[in-house]
Amino acid sequence: MTGEVTPVLDFEASTPAKPVPSRDKETGEPVWSVPVLDADPAAKAAGKSLAVKISSPVQPVVPEIPAQMAALGLPFTPVVFEGMTVTPYVNGQGRLAYSFRASGMRGVAAAGSSPAPRGGKAAEI
């Protein structure tokens with residue numbers, strides 16, 4: 001991930017004075033956006049940066065980077081998305097685009113350690 005986890009706003013219900021969080025149509029839970037970078041050198045430039053949406057009653061927590069990985073000086077936080085789905089659709093310009101959703105995320109375990117625990121902030125929307 002390349003930035004902070006932020007709430008997705010419901011653009012139809014929000015006003016400049018009162019932002020309204022978007023809710024998942026199936027679960028009713030708030031939707032959060034996680035900016036990510038595809039580090040695959042073969043990925044096209046236009047598809048390197050994207051957002052993964054997570055439906056969760058609490059804001060997903062940015063996992064800590066294991067010390068072994070932090071020493072590498074990576075320009076992003078390595079994460080694992082759980083329950084990832086990719087939905088293709090045709091965007092407003094008539095081009096094929098993709099929506100990325102996950103049921104959760106967790107940190108990447110360092111070699112020889114157990115996976116980082118899942119968790120969330122106490123702040124709810």
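Below is a summary of the structure that appears in this document. (Residues numbered from 1 in each chain as written. Predicted model: local features only at pLDDT ≥ 70, side-chain atom pairs only at ≥ 80, totals over all residues. Heavy atoms only, no water.)

Structural notes on the pattern of salt bridges
- Taken as a whole, this structure holds 2 salt bridges when the rule is applied.
- One salt bridge connects Asp 24 with Arg 101, and the closest N-O pair in it is separated by 2.9 Å. Placement of the pair is Asp 24 in the loop between β1 (6-7) and β2 (31-37) and Arg 101 in strand β7 (residues 96-102), with a sequence separation of 77 residues.
- Between Arg 106 and Glu 82 there is a salt bridge, with the nearest N and O atoms lying 3.3 Å from each other. With Arg 106 in strand β8 (residues 104-107) and Glu 82 in strand β5 (residues 79-82), this residue pair connects regions lying 24 residues apart in the sequence.
- The class for Arg 106 is partly exposed, based on a relative accessible area of 24%. (Salt bridge = Lys/Arg side-chain N within 4 Å of Asp/Glu carboxyl O. Helix = DSSP H or I, 4+ residues; strand = E, 2+ residues; numbered from the N terminus. Buried < 20%, exposed > 50% of the residue type's maximum accessible area, 1.4 Å probe, protein only.)

Some words on the side chain of Gln 59
- Structurally, the position occupied by Gln 59 is in strand β4 (residues 58-60).
- The buried category is assigned to Gln 59, whose relative accessible area is 14%.

What about the environment of Glu 64?
- Examined against the element boundaries, Glu 64 turns out to sit in the loop between β4 and α1 (67-70).
- Sequence-wise, Glu 64 and Thr 77 are 13 residues apart; in three dimensions their C-alpha atoms are separated by 7.9 Å.

With respect to the sheet that holds strand β3 (residues 49-55)
- With mixed pairing, 5 strands are arranged side by side in an open sheet as β1-β2-β3-β7-β6. Sheet topology places β1 and β6 (85-90) at the edges, where each strand pairs with a single neighbour.
- Inspection of the sheet shows β2 paired to β3 by 7 bridges, in the antiparallel sense. Its bridge partner lying in β3, Val 31 is registered against Ser 55. (Pairing = 2+ DSSP bridges.)

Topic: the nonpolar core
- Residues Met 1, Val 5, Trp 32, Val 34, Val 36, Val 52, Ile 54, Val 79, Phe 81, Ala 102 and Met 105 constitute the largest nonpolar core, which totals 11 residues.
- Of all the secondary structure elements, the ones that give two or more residues to this core are β2, β3 and β5.
- In terms of residue count, β2 provides more of this core than any other element does, 3 residues in total. (Core = buried A, V, L, I, M, F, W, Y, C linked by side-chain atoms within 4.5 Å.)

Observations concerning the pairing of β3
- Bridging between β3 and β7 involves 3 bridges; their strand directions are parallel. Counterpart to Val 52 in the pairing with β7 is Phe 100.

Re the side chain of Asp 24
- By relative accessible area, Asp 24 is classed as buried at 16%.
- Separated by 2.9 Å, the side chain of Asp 24 and the backbone nitrogen of Thr 27 make a polar contact.
- At 2.8 Å, the side chain of Asp 24 forms a polar contact with the side chain of Ser 55.
- In this structure, Asp 24 is in contact with Glu 29, Val 31, Ser 55 and Arg 101, ignoring residues within four places of it in sequence. (Polar contact = N/O pair within 3.5 Å; in protein donor to acceptor, adjacent residues only side chain to side chain. Contact = heavy atoms within 4.5 Å.)

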